[in-house]
Amino acid sequence: MSQEEMENCCHKIKERSEKEYKDLIHRLNRIEGQVRGIKGMVERDVYCTDILVQVAAINAALNSFNRVLLSNHIKTCVTQDIRDGKEETVDELLTILQKLMK
């Protein structure tokens, strides 16, 4: 996603604790390394099933990242918005859950 696309779609911000930030960045760095590893496998003509196993590992890592991020979101943003009477946050949560479950 380009900077312009991020500015157009990401209208809210979230301040994360240092622990949460470091955990998310660590997970993303690992995923990024796995993707680079798969690129190298393709460049070296590695056998398809070996690559597919690594792709499955990336999918699992992304799902884990989503679970952690979603959990943090519910515990912080959603909870606070409901306390503040912002019921539209529940609709936003339901929309994102539908997208994650595709």
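Residues numbered from 1 in each chain as written. Predicted model: local features only at pLDDT ≥ 70, side-chain atom pairs only at ≥ 80, totals over all residues. Heavy atoms only, no water.

A.B. asks: Which residues make up the overall build of the chain, and what values go with them?
C.D. replies: When its secondary structure is counted, the chain shows four helices and zero strands. When the helices and strands of the chain are placed in sequence order, the string is α-α-α-α. In terms of C-alpha radius of gyration, the chain reaches 17 Å, well past the compact-globule figure of 13 Å for 102 residues. In terms of overall dimensions, the chain has a C-alpha envelope of 55 × 30 × 30 Å along the principal axes. Residues classed as buried in the chain amount to 18% of the 102 residues present. (Helix = DSSP H or I, 4+ residues; strand = E, 2+ residues; numbered from the N terminus. Rg over C-alpha atoms; globule rule 2.2 N^0.38 Å. Buried < 20%, exposed > 50% of the residue type's maximum accessible area, 1.4 Å probe, protein only.)

A.B. asks: Before we move on, can you summarise the packing of helix H3 (residues 48-83) against helix H4 (residues 88-100) with the specific residues and values?
C.D. replies: Taken N-terminus to C-terminus, the directions of H3 and H4 make an angle of 165°; their axes are 10 Å apart at the nearest point. The orientation of H3 with respect to H4, classified from their angle, is roughly antiparallel. Here H3 runs over H4; the crossing is left-handed. Here Asn66, Leu70, His73, Ile74, Val78, Asp81 and Ile82 of H3 come into contact with H4, specifically with Thr89, Val90, Glu92, Leu93, Leu97 and Leu100. Tallied by class, the residues present in the contact of H3 with H4 amount to eight nonpolar, three polar and two charged. (Axes fitted to C-alpha atoms, helices over the stretch in contact; angles between N-to-C directions. Parallel < 35°, antiparallel > 145°, perpendicular 65-115°, else oblique. Left-handed = near helix turned anticlockwise from the far one by under 90°. Contact = heavy atoms within 4.5 Å. Nonpolar A, V, L, I, M, F, W, Y, C, P; charged D, E, K, R; others polar.)

A.B. asks: Account for the nonpolar core, with residues named and values stated.
C.D. replies: In this structure, Leu24, Ile31, Ile38, Met41, Ile51, Ile58, Ala61, Phe65 and Val68 together form the largest nonpolar core, which totals nine residues. Counting residues per element, the ones that place at least two in this core are helix H2 (18-43) and H3. When residues of this core are assigned to their parent elements, the largest contribution, five residues, is made by H3. Setting aside chain neighbours within four positions, we find Ile31 in contact with Ile58, Ala61, Leu62 and Phe65. (Core = buried A, V, L, I, M, F, W, Y, C linked by side-chain atoms within 4.5 Å.)

A.B. asks: Before we move on, can you summarise H3 with the specific residues and values?
C.D. replies: Over its 36 residues, H3 extends 51 Å from the first C-alpha to the last, a length consistent with the 52 Å expected when each residue adds 1.5 Å. The largest bend in H3 comes to about 40°, at Ile74. By the burial criterion, the buried members of H3 are Ile51, Ile58, Ala61, Phe65, Val68, Leu70, Asn72, Val78 and Asp81. Elements in contact with the buried residues of H3: H2 and H4. (Expected span 1.5 Å × (residues − 1). Bend = angle between axes of the 7 residues up to and from the residue.)

A.B. asks: Lay out the side chain of Thr89 with the relevant residues and their values.
C.D. replies: Here Thr89 lies in helix H4. Setting aside residues no more than four positions away along its own chain, Thr89 makes contact with Val78 and Asp81.

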